[in-house]
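Letter by letter, the chains look like this.
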Amino acid sequence: MSDQSDLMDALRFALSSRADVDALETAEDWAPEWRAQAAEGLSPVALAVSGGFLSDRLAWAFAGGYQAALRRLLTPFRPQLLENEWTMALCATESSGNRPRDIRTQVTDNGDGTVTVSGEKSWTTLGPVADVFLVVARINGHEPEARPALKVVAVPASSEGIYFSEKTPLEFVPEVPHQAAAFDNVRVPQAAVLPGDGYSDYVKPFRTVEDTFIAIATHAYLLREARYRGWPDPLIEALAANLFSLGSLASVDAGSPATHVALAGLLGQGQALYGRVTDQWRGSDNGDPALRRWLRDQPLFQIASKPRELRVQRAWEQLATLS
């Protein structure tokens, strides 16, 4: 099935399925529901749509978009990972950041068909319910340098030597847990090391992929809310149109400067739609607990806004050199 027909099927699902969903209060409630969706064999874009549509709040739309983004990221490199109904977590950021020179976690080849992962990560999204950690690590033997050789290692959560430290929940989407994680000589098969460069093939493109897929899931969530609450058709149509455009963009090269420019435009249109949603919600029922959550969670959309702006600026500069 082509990407476009798959996306159209997902959009039809969002426009025609029952719009009432169950409330989920914790990540432990959400995780089995997500695994059931992942078991249906949907494409990453379709998973982002279903993950957002079946959410009763922005937190789970974010979680579904994040998971779908990881699946999109892994598809060219290790598609067999996606045959499992896993919840995954990308573990890149350390105390000094997530640039290549900031990574101190190491992966060591043991020479017996296994590798060992050792280090600490300061930010692990959905860590308590993750089945697999995608750990960004420096290849042991490479001395600290401006651009060390990095790999991503798929570490099962059941592995011995993984320890967590609780972090204070964020003030927005507090239902989504974040933990610090320590990997103490965690031994996994050599096959757990994913192909490609850990930074240029995974960490760097994921910023754009994540923005795209979380926006897809958010639009699907709001589309369901709009249908459930009987909001005006023009608002539903606008959400559907932007969702379709985001889904189309999700299938192209995330590193292209044209992608960054187009995504900036779609995210800007999304922000305008979020404002229309807020106005409609306030006019319908100011005491709605779903509205209170939506207002509480608005800062989510400002995360990493400065790096996004810089990516768009660089994209315009790159495009200017092609003229």
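Note: the structure precedes this text.
Residues numbered from 1 in each chain as written. Predicted model: local features only at pLDDT ≥ 70, side-chain atom pairs only at ≥ 80, totals over all residues. Heavy atoms only, no water.

A.B. asks: Can you walk me through helix α3 (residues 44-53) in this structure?
C.D. replies: What sets the pattern is the α-helix's 3.6 residues per turn: residues three or four places apart point alike. Along α3, 10 of the 10 residues are buried, which leaves the element largely enclosed by surrounding structure. Within α3, burial applies to P44, V45, A46, L47, A48, V49, S50, G51, G52 and F53. (Buried < 20%, exposed > 50% of the residue type's maximum accessible area, 1.4 Å probe, protein only. Helix = DSSP H or I, 4+ residues; strand = E, 2+ residues; numbered from the N terminus.)

A.B. asks: Teacher, can you tell me more about the pattern of salt bridges here?
C.D. replies: Charged atoms that come close allow side chains of opposite charge to pair. Taken as a whole and judged by the stated rule, the model has 17 salt bridges. A salt bridge links D102 to R99; the shortest N-O distance between them is 2.9 Å. Overall, the relative accessible area of 6% leaves D102 in the buried class. Between D288 and R229 there is a salt bridge, with the nearest N and O atoms lying 2.5 Å from each other. Within this pair, whereas D288 is found in the loop between α7 (257-284) and α8 (289-296), its partner R229 is found in the loop between α5 (199-228) and α6 (233-249), the two being separated by 59 residues in sequence. The class of R229 is partly exposed, set by a relative accessible area of 28%. (Salt bridge = Lys/Arg side-chain N within 4 Å of Asp/Glu carboxyl O.)

A.B. asks: Whenever I open this one, the nonpolar core confuses me. Can you help?
C.D. replies: Side chains that are nonpolar tend, in soluble globular proteins, to be buried together. W30, L134, V155, F183, W281 and W294 are the most contacted members of the largest nonpolar core, which totals 101 residues. The leading source of residues in this core is α5, at 15 residues. Excluding residues that lie within four positions of it along the chain, W30 makes contacts with L24, W60, A63, G64, Q67, T87, L126 and V129. (Core = buried A, V, L, I, M, F, W, Y, C linked by side-chain atoms within 4.5 Å. Contact = heavy atoms within 4.5 Å.)

A.B. asks: What should I look at first to understand helix α4 (residues 58-74) in this one?
C.D. replies: Here α4 contains 17 residues, and its C-alpha end-to-end distance of 24 Å stays within 8% of the 24 Å for a straight helix at 1.5 Å per residue. Of all 17 residues that make up α4, 16 are buried, and the element is covered over most of its length. (Expected span 1.5 Å × (residues − 1).)

A.B. asks: Could you clarify how one ought to interpret the environment of Q4 in this entry?
C.D. replies: Here Q4 is to be found in helix α1 (residues 3-16). A relative accessible area of 40% places Q4 in the partly exposed class. The spacing of Q4 and G247 is 243 residues in sequence and 8.5 Å in space, taken between C-alpha atoms.

A.B. asks: How should I be thinking about the packing of helix α2 (residues 27-38) against α4 in this particular structure?
C.D. replies: Two quantities define a packed helix pair, namely the angle between the axes and the distance from one axis to the other. Where α2 meets α4, the closest approach of the two axes is 11 Å, and the angle between their N-to-C directions is 45°. As summarised for this structure, α2 and α4 are arranged oblique, according to the angle between their axes. In terms of crossing hand, the pair formed by α2 and α4 is right-handed. Here A27, W30, W34 and A38 of α2 come into contact with α4, specifically with W60, A63, G64, Q67, A68 and R71. (Axes fitted to C-alpha atoms, helices over the stretch in contact; angles between N-to-C directions. Parallel < 35°, antiparallel > 145°, perpendicular 65-115°, else oblique. Left-handed = near helix turned anticlockwise from the far one by under 90°.)

Nothing here speaks to function; it is geometry throughout.
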